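Per-entry structural report
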Amino acid sequence: MADTTTAPLADNNDALDPLGDADEGLAKNRAKVGSARPSSLLYTYGPGAIMDLPNFSVMPAGLDDWEPIWKRRDVVPTILEPRLLNVVRLHLGPQVDALRPFPWQPKKVSMSTDGSDLGLPARVFPQWFRCTGCDYLGPLTRFTYTNTHPFRPDLAQFTHKPCPGRGGRGRREGSPAVPAQHLLTCTNGHVDEFPYTLWVHRGQKCPNAENPDLKMRDANVGKSVGSTTICQSCNATRGMAEAQGVKGRLKLPQTCRGRHPHLGAFFPGCKAQPALIMMGASNLWFPSTQSIIVMPRSDAEQREALADHLRVELGIDQIRQFADQIAVIRALAGARNIDVAGLTDADIAAAIADVMAPPESEADREERRANWDPIELLIPEWRYLQKPTLFPEQQNNTGLMVTEMQRGPDLHPRIHRVVGVNRMKKVNAVLGFTRLDEMDRVNDVASRLVELTRNGKPSWVPATEDRGEGIFLQLDLDAVGQWERHIESTPLWDAHVEAHRRNFTRRFSETAAAVNPDTRLPGPRYWLVHTLSHILIREMAIYSGYGAASLTERIYAWREEPGREAAAGLLICTTASDSDGTLGGLVALSEPAKLQNIVLAALRRAARCSSDPVCAQRTPSDPEDFLHGAACHTCAFASETSCEKANRFLDRRFLLDLPTANGPVVPGLFGSIHGL
C-alpha cells in the first residue's frame with residue numbers, strides 16, 4: 001500500500017516534500033500519516049480528493065509535488081502501454097511522455113525500511129478546525145500538530161492548547177481538534193474554506209476585533225437544527241442552515257477565488273458561482289479515468305512502445321543528438337535496461353523517427369478529441385476476443401491468457417460464446433477530476449476537467465497495473481439487433497429517453513445546455529447487457545469466493561457503424577493492483593455445467609423482486625428523472641466498485657418478460673421465466 005505523507009503547510013507555490021526532514025536527519029514530527037491501496041488512490045482518494053484520517057483530513061497533492069519524491073530514485077518506473085498513453089495525450093496534450101505508478105515500494109520483510117523514503121505528498125485540508133473541548137473555531141495555525149510515534153501514524157492530530165473547556169473546566173494538555181465540515185466549491189472544480197468570519201458577520205467586518213475568535217456549536221434540538229457560528233468579540237451568531245439550498249447560495253460569496261488546494265495555488269478569474277458542500281459529500285470529487293485490458297501488440301504498437309520507452313529513459317535531446325547513430329542508441333538503451341537485443345536496426349530507426357516526429361497541431365488534437373468516443377478503447381479488445389484462433393499464439397508478456405470454453409447443452413441460447421480469462425492485466429490512468437458532477441454526464445472535458453499540475457500540462461500521469469481473472473460472455477448478435485429494433489418503438493423506451501433528457505438538463509454542469517442529451521444516452525442493447533452483467537455479478541459472488549464488491553464489469557455493447565462492427569458482450573472480472581494474480585475461483589465458473597446453472601439461477605432471481613410489483617412496473621414519468629426502470633437494490637443494483645455507470649441504465653424488463661399493470665408486456669431478450 002502506498003504511504004500518504006503530509007505537512008501542515010499553507011497554500012504556496014513551493015514544491016511540497018514532507019519527507020525532506022528525514023533526508024536531512026532532523027528529528028521532527030514524522031511525516032507519515034496513513035496508507036492506502038493504489039486502487040483507492042486512483043478511484044477514491046486521488047489528487048484533489050479529501051482523505052479522512054482518524055483525527056483530521058488531508059488532500060493528496062498535484063503531480064508537481066510528486067517530483068521531489070521521485071528524485072530519490074535513479075530510475076523512475078513507468079508503465080508502457082501505447083494504446084492508453086495515446087488516449088491520455090489526446091486529452092491532456094502531446095507533452096505527456098509516460099504513465100507512472102504511485103511512489104511506493106513493497107517491503108521485503110515486515111520490519112524493512114524499503115520504500116520509507118517514498119510516499120504520496122498531501123496537504124492538510126480543510127485548514128479550519130474546531131476544538132472538541134471548547135468549540136473554538138479557527139485556522140490551522142492556531143492549533144498544535146503532533147505526529148511523533150514512528151509506528152502509529154493514526155495518532156497524528158491537531159490539538160488546541162491550552163483549552164479552556166466548556167464552563168471553565170479546561171485541559172492543560174489541550175483538546176483534540178477536528179476539521180470544520182463546511183466548504184465552498186464550484187462547477188469548475190475549485191474548492192475553498194468556508195468564510196466563517198464573513199458569514200457570521202453577514203459580509204461585514206467585526207466591529208470589535210480585526211480577527212475575532214469564533215466558536216461553533218451544534219444545536220440539534222428544537223428549531224435550531226445544524227451548527228451555529230458565534231463571534232466571541234461581538235456575540236454575533238448565524239446558523240449554518242441558512243447557507244443551504246438555492247436561497248442559501250445567494251447569501252454566499254458570489255465570486256469564486258479559484259482555489260486548488262491540491263496544487264497549493266489560486267487561479268483567479270473563475271466565473272462560476274460558489275456553492276456550499278460538506279466535507280464528506282459524495283459529489284466532492286469524481287475521478288476521470290481511462291482503462292484498457294492489455295492485449296497482444298501489433299508490430300506498429302511494438303514500435304510505438306519502444307519509442308515511448310526511449311523518450312522517457314533517454315530524453316528527446318539525447319535521441320536527437322545520436323539519431324543517426326543506431327549503435328550509440330543501442331548502447332544507451334542497454335545502459336538504461338531497455339531490451340533491444342532482438343530488434344533490427346530498422347526497428348530502432350523507426351522508433352527514433354517516431355520520437356522525432358513533430359506533434360500534431362493543437363487544432364487537430366482538439367478536433368480529434370471532440371470526436372473521440374470511449375468505445376474506441378474497447379474495440380481492439382472486442383475484436384481480439386472474436387478470434388479464438390489467436391488465443392494459443394498469445395504473447396505471455398502481455399499477461400493475458402484466455403481459453404475458448406464449450407457451451408453447456410442447457411445454457412440459454414441467447415448466450416452465443418463463453419471465454420474463460422485465466423489471466424489478464426488491466427492498466428488504469430488518471431486524466432484529472434471534476435466536482436459536483438461526473439465527467440461522463442457531459443462532454444465538456446476542456447472546461448471542467450481539473451488539472452493535475454499547476455501549468456496544466458503534465459509530462460506524466462498516475463497509473464496502476466491490475467492483474468486478475470474473469471469470464472467473457474458474448475450474446476447472439478442477430479437476436480440482440482432484432483430485439484433492439486423492436487424495443488426502440490415501445491413506450492417504455494420513449495419514457496427512458498424523456499427521463500434522460502430531464503436528468504441531463506438538471507445537471508450541475510453549466511455547459512450541459514450546449515450538448516444534445518440523446519447523443520449521451522446508451523442504446524437499449526447497453527441496458528440489456530448491463531442488466532445481465534449485474535444479475536450475474538450478484539450470483540457469481542455466491543460461488544466464486546469473492547465478495548460482490550470485488551467483481552467488476554466491462555461492457556461491450558454498441559451498434560454497427562462505419563469503421564466498427566456491432567458488439568454485445570460483457571466481461572466480469574476481478575483484479576488487484578498489489579498482487580500477482582487471483583485465486584481462480586471466478587474463471588472456474590466458466591465451466592459448462594457451472595455456468596449454465598449460474599445463468600439459470602441469476603435469471604430466476606431477476607424474475608422476482610421483493611419490491612414487486614412496484615419495482616417491475618417502475619417507469620419514469622415527468623417530473624421524474626431517474627435513469628433506471630425495473631431495477632433496485634434488492635434485485636439488480638451492484639456496489640459502486642462493480643458498476644461502470646453508478647447503477648444507471650438498468651431495467652429487468654429488457655431481460656425477461658415481466659408482468660405489467662396495464663399495456664402490453666415488453667418482450668425481454670431472454671423470454672419468460674417459465675421457459676427457462
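Higher on the page you've got the structure.
Note that this is a predicted model, so its numbers are computed, not measured. Numbering of residues begins from 1 in every chain and follows the order in which that chain's sequence is written. For this predicted model, a pLDDT threshold of at least 70 governs which residues receive local features, and a threshold of 80 or more governs which side-chain atom pairs are given and counted, while totals over whole chains, interfaces and linings are taken from all residues. Calculated side-chain values reflect all of the structure's heavy atoms, with hydrogen atoms and water omitted.

A word on the pattern of salt bridges. Think of it this way: side chains of opposite charge can pair up when their charged atoms draw near. Each salt bridge in this description consists of a side-chain nitrogen of Lys or Arg and a carboxyl oxygen of Asp or Glu lying within 4 Å of one another. Tallied over the full model, the rule gives 35 salt bridges. Linking Asp 64 and Arg 454 is a salt bridge whose minimum nitrogen-to-oxygen distance equals 3.9 Å. Taken together, the residues Asp 64 in the loop between strand E4 (57-60) and helix H3 (67-70) and Arg 454 in the loop between helix H13 (445-448) and strand E23 (460-475) connect sequence positions 390 residues apart. To sort residues, take the accessible area from a 1.4 Å probe on protein chains only and compare it with the maximum for the residue type: under 20% means buried, over 50% means exposed, and anything in between is partly exposed. Judged by its relative accessible area of 25%, Asp 64 is partly exposed. Between Lys 251 and Glu 242 there is a salt bridge; the shortest N-O distance is 3.5 Å. According to the relative accessible area criterion, Lys 251 is partly exposed, its value standing at 43%. Linked through salt bridges whose partners overlap, the residues forming this network are Asp 64, Asp 65, Arg 123 and Arg 454. The secondary structure listing takes helices from DSSP runs of H or I that are at least 4 residues long and strands from runs of E that are at least 2 residues long, numbered from the N terminus.

Now for the packing of aromatic side chains. Any aromatic ring pair is given by two values, namely how distant the centres are and how the planes are angled relative to each other. Pairing of aromatic rings covers Phe, Tyr and Trp, the last counted by its six-membered ring, and requires centre-to-centre distances within 6.5 Å; plane angles under 30 degrees mean stacked, over 60 mean edge-to-face, and any other angle means tilted. Enumeration over the complete set of coordinates arrives at 22 aromatic pairs. Taken together, a centroid distance of 5.5 Å and an interplanar angle of 75 degrees make the contact between Trp 483 and Phe 654 edge-to-face. Of this pair, Trp 483 sits in helix H14 (residues 477-487) while Phe 654 sits in the segment after helix H17 (592-607); the two residues are 171 residues apart in sequence, bridging distant segments of the chain. You can call Phe 654 buried: its relative accessible area is 0%. Ring geometry for Trp 493 and Trp 527: centres 5.8 Å apart, planes at 80 degrees, overall edge-to-face. Placement of Trp 493 in helix H15 (residues 491-505) and of Trp 527 in helix H16 (residues 524-544) is noted, with a sequence separation of 34 residues between them. For the pair Trp 493 and Trp 527, one class covers both residues: buried. Members of the aromatic cluster, connected to one another through ring pairs, are Phe 56, Phe 129, Tyr 136, Phe 143, Tyr 145 and Phe 158. Charge-over-ring placement is defined geometrically: NZ (Lys) or CZ (Arg) within 6 Å of the ring centre, and within 35 degrees of the ring normal. The lysine or arginine in question, Arg 238, covers the ring of Trp 199, its NZ or CZ lying 3.7 Å from the ring centre.

Looking now at the side chain of Arg 72. Position of Arg 72 among the secondary structure elements: in the loop between H3 and helix H4 (82-92). Arg 72 gets classed as buried once you look at its relative accessible area, which sits at 17%. Two N or O atoms count as a polar contact when they lie within 3.5 Å, although within protein this holds only if one can serve as hydrogen donor and the other as acceptor, and sequence-adjacent residues are included solely when both atoms are side-chain atoms. A distance of 3.4 Å separates a polar side-chain atom of Arg 72 from the backbone oxygen of Pro 68.

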